[in-house]
Amino acid sequence: MTLILILILFILTCLFGLAFILTGAVLKACLYLLLLWPLGLFLWILGLVCCCTLILIPVGILLFKAGFHIMVPGV
């Protein structure tokens, strides 16, 4: 009887742990797609606009790099 109860509690613990991991992954994906991707694209577009002028080319290159690092995390 005690062994069955321990097994049931172990299975419940594993299921709740899996649910928390999946929830965290979904929230991270939503954060990435809804916030970081548009911000990175905005920085790329702003970098393109800055690269069209001769004086702001270094700023444009920095904005391209910042947008790339935001859209591709871990690089």
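Refer to the structure presented above.
Residues numbered from 1 in each chain as written. Predicted model: local features only at pLDDT ≥ 70, side-chain atom pairs only at ≥ 80, totals over all residues. Heavy atoms only, no water.

## Regarding helix 1 (residues 2-51)
Then, in step 1: With 50 residues, helix 1 should cover 74 Å at 1.5 Å per step; its first-to-last C-alpha distance of 71 Å lies within 8% of that length.
Then, in step 2: Its axis deflected by about 35° at Y32, helix 1 carries its strongest bend there.
Then, in step 3: Among the residues of helix 1, those classed as buried are G40, L43, G47 and C50.
Then, in step 4: As for helix 1, its buried residues are in contact with helix 2 (57-71). (Helix = DSSP H or I, 4+ residues; strand = E, 2+ residues; numbered from the N terminus. Expected span 1.5 Å × (residues − 1). Bend = angle between axes of the 7 residues up to and from the residue. Buried < 20%, exposed > 50% of the residue type's maximum accessible area, 1.4 Å probe, protein only. Contact = heavy atoms within 4.5 Å.)

## So, the packing of aromatic side chains
Between two aromatic rings, the relevant description is the distance of the centres plus the angle of the planes.
Then, in step 1: Following the criterion strictly, the structure yields 2 aromatic pairs and no others.
Then, in step 2: Residues Y32 and W37 carry aromatic rings whose centres are separated by 6.3 Å and whose planes lie at 55° to one another, so their mutual orientation is tilted.
Then, in step 3: Here Y32 falls in the partly exposed class, since its relative accessible area comes to 24%.
Then, in step 4: Ring centres of W44 and F64 lie 6.3 Å apart, and the angle between their planes is 75°; on these two criteria the pair is classed as edge-to-face. On the criterion of sequence distance, the pair formed by W44 in helix 1 and F64 in helix 2 is long-range, its members being 20 residues apart. (Phe/Tyr/Trp six-rings, centres within 6.5 Å; stacked < 30°, edge-to-face > 60°.)

## Considering the environment of K28
Then, in step 1: Within the secondary structure, K28 is located in helix 1.
Then, in step 2: Accessibility expressed as a relative area gives 62% for K28, which makes it exposed.
Then, in step 3: Once the C-alpha coordinates of K28 and F42 are considered, the two residues, 14 residues apart in sequence, prove to be 20 Å apart.

## Remarks on helix 2
Then, in step 1: Relative to the 21 Å expected for 15 residues at 1.5 Å per residue, helix 2 spans 21 Å between its end C-alpha atoms, a close match to the ideal helical length.
Then, in step 2: Residues G60, L63, G67 and M71 constitute the buried set of helix 2. Looking straight down helix 2, one finds that the buried residues subtend no more than 60° of arc, so they occupy a single side. More than 90 degrees from the buried face of helix 2, the exposed residues found are P58 and L62.
Then, in step 3: Those residues of helix 2 that are buried lie in contact with helix 1. (Arc of directions from axis to C-beta.)

## So, the packing of helix 1 against helix 2
Then, in step 1: The geometry of helix 1 relative to helix 2 is characterised by a closest axis approach of 7 Å and an angle of 165° between their N-to-C directions. Relative to helix 2, helix 1 is oriented roughly antiparallel. The element helix 1 and its partner helix 2 pack so that their crossing is left-handed. (Axes fitted to C-alpha atoms, helices over the stretch in contact; angles between N-to-C directions. Parallel < 35°, antiparallel > 145°, perpendicular 65-115°, else oblique. Left-handed = near helix turned anticlockwise from the far one by under 90°.)

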